[in-house]
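What follows is each chain in one-letter form.
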Number of protein chains: 2
Amino acid sequence: MKKIMNKPEQAVDEMVQGIVSAGCGQLKNIPETGVIYRSELPKDKVALVSGGGSGHEPTHAGFVGDGILAAAVCGSVFTSPTPDQIYEAIKQVDQGKGVFLVIKNYSGDVMNFEMAKDLAEADGIRVESVVVDDDIAVEDSTYTEGKRGVAGTVFVHKILGAEAARGTTIDEMKAVADRIVPNIKTLGVALKAATVPEVGKPGFELGDTEIEFGVGIHGEPGYRRESLKTSRELAEEIVSKLKNAFQWSEGEHYAVLVNGLGATPLMEQYIFWQDAEKLLKKDGLLIDFIKVGSLTTSLDMEGLSLTLCKLEDARWLENLKWETHTLAW
Amino acid sequence: MKKIMNKPEQAVDEMVQGIVSAGCGQLKNIPETGVIYRSELPKDKVALVSGGGSGHEPTHAGFVGDGILAAAVCGSVFTSPTPDQIYEAIKQVDQGKGVFLVIKNYSGDVMNFEMAKDLAEADGIRVESVVVDDDIAVEDSTYTEGKRGVAGTVFVHKILGAEAARGTTIDEMKAVADRIVPNIKTLGVALKAATVPEVGKPGFELGDTEIEFGVGIHGEPGYRRESLKTSRELAEEIVSKLKNAFQWSEGEHYAVLVNGLGATPLMEQYIFWQDAEKLLKKDGLLIDFIKVGSLTTSLDMEGLSLTLCKLEDARWLENLKWETHTLAW
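Note that the structure is a prediction, hence the values are computed from the model and not measured.

Student: Got a sec to walk through the relation of the copies chain B and chain A? Specific residues and values, please.
Tutor: Each copy superposes on the other: chain B lies on chain A with an RMSD of 0.0 Å after a rotation of 180 degrees and an axial shift of 0.0 Å. Look at the turn and shift together and you get a two-fold axis relating the two. Relative to the rotation axis, the closest C-alpha in chain B is found at Ala263 of chain B, a distance of 1.9 Å. When the interface residues of chain B are mapped onto chain A, 100% of them again lie at the interface, so the same face is used by both copies.

Student: I'd love a proper account of the environment of His56 of chain B, names of residues and values included.
Tutor: All names here are of chain B. Mapping His56 onto the fold places it in the loop between β3 (47–54) and β4 (71–77). Given the relative accessible area of 1%, His56 is considered buried. The spacing of His56 and Ala151 is 95 residues in sequence and 9.4 Å in space, taken between C-alpha atoms. Among residues more than four places away in sequence, those in contact with His56 are Phe78, Ile217, His218, Leu295, Thr296, Thr297 and Ser298. At 3.2 Å, the side chain of His56 and the side chain of His218 are in polar contact.

Student: Give me the lowdown on the sheet that holds strand β2 (residues 35–38) of chain A, citing residues and values where you can.
Tutor: Residues and elements named next belong to chain A. On the basis of which strands lie adjacent, the open sheet formed by six strands has the order β1-β2-β4-β3-β5-β6 and mixed pairing. At either end of the open sheet lies a strand with only one pairing partner, and these are β1 (27–30) and β6 (127–132). Adjacent strand axes in the sheet meet at a mean angle of 25 degrees when their direction is disregarded. Running over the sheet, helix α2 (residues 83–93) touches β1, β2, β3 (47–54), β4 (71–77), β5 (99–104) and β6 and is turned about 165 degrees from β4. In the packing of helix α4 (residues 153–166) onto the sheet, the strands contacted are β3, β5 and β6, and the crossing angle to β5 comes to about 165 degrees.

Student: Tell me what's going on with the packing of aromatic side chains, and back it up with residues and numbers.
Tutor: All names here are of chain A. In the structure shown here, the tally under the stated rule is 14 aromatic pairs over all chains. Ring centres of Phe213 and Tyr223 lie 5.9 Å apart, and the angle between their planes is 20 degrees; this geometry places the pair in the stacked category. Here Phe213, found in strand β8 (residues 210–213), pairs with Tyr223, found in the loop between β8 and β9 (224–227); they are ten residues apart in sequence, far enough to count as distant. For Phe213, a relative accessible area of 0% corresponds to the buried category. Tyr223 gets classed as partly exposed once you look at its relative accessible area, which sits at 24%. The ring of Trp329 carries the charged tip of Lys291 above its face, separated from the ring centre by 4.2 Å.

Student: Can you tell me about the UniProt feature "domain: DhaK" (unreviewed entry) in chain A, naming the residues and giving the values?
Tutor: Those residues carrying the UniProt feature "domain: DhaK" (unreviewed entry) are residues 7–329 of chain A in this numbering. Counted over residues 7–329 of chain A, helix gives 33% and strand 24%. Its end C-alpha atoms are 29 Å apart.

Student: I'd like a description of helix α8 (residues 314–321) of chain B, backed by residues and values.
Tutor: Residue and element names in this part refer to chain B. What α8 keeps buried is the set Trp316, Leu317, Asn319 and Leu320. Relative to the axis of α8, the buried residues are bounded by an arc of 160 degrees and lie together on one face. Residues Ala314 and Lys321 are exposed on α8 and point more than 90 degrees away from its buried face. Tucked into the core, α8 has its buried residues touching α4 (153–166), α5 (170–180), β10 (253–260), β11 (286–293) and β12 (302–310).

Rules of the game
- Residues numbered from 1 in each chain as written.
- Chains lettered and ligands numbered in written order.
- Predicted model: local features only at pLDDT ≥ 70, side-chain atom pairs only at ≥ 80, totals over all residues.
- Heavy atoms only, no water.
- Least-squares fit on C-alpha atoms with pLDDT ≥ 70 in both.
- Contact = heavy atoms within 4.5 Å.
- Helix = DSSP H or I, 4+ residues; strand = E, 2+ residues; numbered from the N terminus.
- Buried < 20%, exposed > 50% of the residue type's maximum accessible area, 1.4 Å probe, protein only.
- Polar contact = N/O pair within 3.5 Å; in protein donor to acceptor, adjacent residues only side chain to side chain.
- Pairing = 2+ DSSP bridges.
- Axes fitted to C-alpha atoms, helices over the stretch in contact; angles between N-to-C directions.
- Phe/Tyr/Trp six-rings, centres within 6.5 Å; stacked < 30°, edge-to-face > 60°.
- Lys NZ or Arg CZ within 6 Å of the ring centre and 35° of its normal.
- UniProt positions renumbered as here; feature names shortened; annotations may be inferred.
- Arc of directions from axis to C-beta.

Written out as structure tokens, the structure is:
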């Protein structure tokens, strides 16, 4: 294992220091909690909080800023933050209008965020939440029941973050969240597994010319392993699965995220996107918003995912375009 | 070689299509030239143009936008664009106030950009240029005389791009450029070589626990190969070399870029930054601007570089913070 770090067990704490420093005053952290939050929070607005295991950077801390997250909670690598960590974040950012939690659907995350919610509610803080389960690869998986939460979570952050910035109430945000999540779907392909620092070797092995469709962002099994395909063929497989999941029709509006999983160069992400776009356009979809980049990674995993968000409401597109200043959006 | 692409020889053209599409209307390209430019250019202002071999994404096309580049010219992978390609870009973006070229110091780039300048001047277009040679690793190298141009080029784009947006004349921009370039210095370390698609294997071999300081962004040899170090030790080596090059004094102001070389996760970049920052602060430097991310890559190379820009002029900091909308800044 070749990684630029000191002791693996210090990696998350040191990363948090680096992220806060890179915020140049816009970010602060609560010592020993993995909580990174905005130094200046707008008064009288709902605060949006997300978090999860580390190793998916820039998810989530890279999206703390005006118009997106008020705070992110960084757990250990690929491990949910504890209820106490999340509770500290909620207390820190509440501005009297409540705190909204965006949770990726993993059993540990769901349990710990719910426990933190209970702790905060006992303090009189209003807390609402949504669980994101955008990965259409498999039902149930290594760390979860139901579908996994992956890169589509970033769209939930952005759309709800803009709602918070608009001054939307927490009840209205819950209604928006419950409408958005079923409209976001993701599917990925892995070329090489990630290596968790404390483990020291790849989480699974793929042969020199092998790929696996539907691998999760912690290396959870996908749905098919086969030999390396061209970008065009990868796009055909992934788009056809998304088409089946959405059952889309000509003229519908979508936002797109092509997401690198960590070690895949932008060049390959853009090549894949031009192949995927041709297929989406052939079906008559209207693509109003496009983001290409490594936004929800899995350490040094090679591969990428394609997320589509059906823009049922024109306001969601405005929210995706809402001005923001963060490390990574 | 596992890469997400179709035919290697189509990679750059397909990437250009993907980048232009991701610009959602803000970007256009000139067919068969690798030129990506802003759809709407401000009148009566100098147009800033850069470019070079592809494989360094998001450099340079990811920085085409308001307040930075008017156009980027994408050559073949690790190969300078031809004079004709660059000439097309110049003609496309000139708004009557001249075109300023930012060139990384490689013999091919310098020659081809200079030839394009001559062609455009014969058309009556005013052209000025600056050659960036920020890499302090070695004097002379595989593809160049003098020092190589690497990630620090991004700071030149941003500072000069903001000057163009301010309405600075081309003569004044040349004066600013000549002052900035000697104040930008970079040094990197590689953990694994990049694989050029048309070659199919890594450009050089490093052992399982080996690293090399000072490798160039095309895999050019560095200055020392040794066994893997901790992040802290890497920071000590790199910062000490930069210190020697700058001969800095307490109280001086700097901007920083920690640049991932392609396949290195953000987690490691942030860990390295917190180590490097401690050393810079110990010497009493004031760090006014920080950017961490994979901005000038070398395909799938593992490693990172540290760029420092001495902020001799407070206006350079304003320029770095100047509002902009691009795919990658």
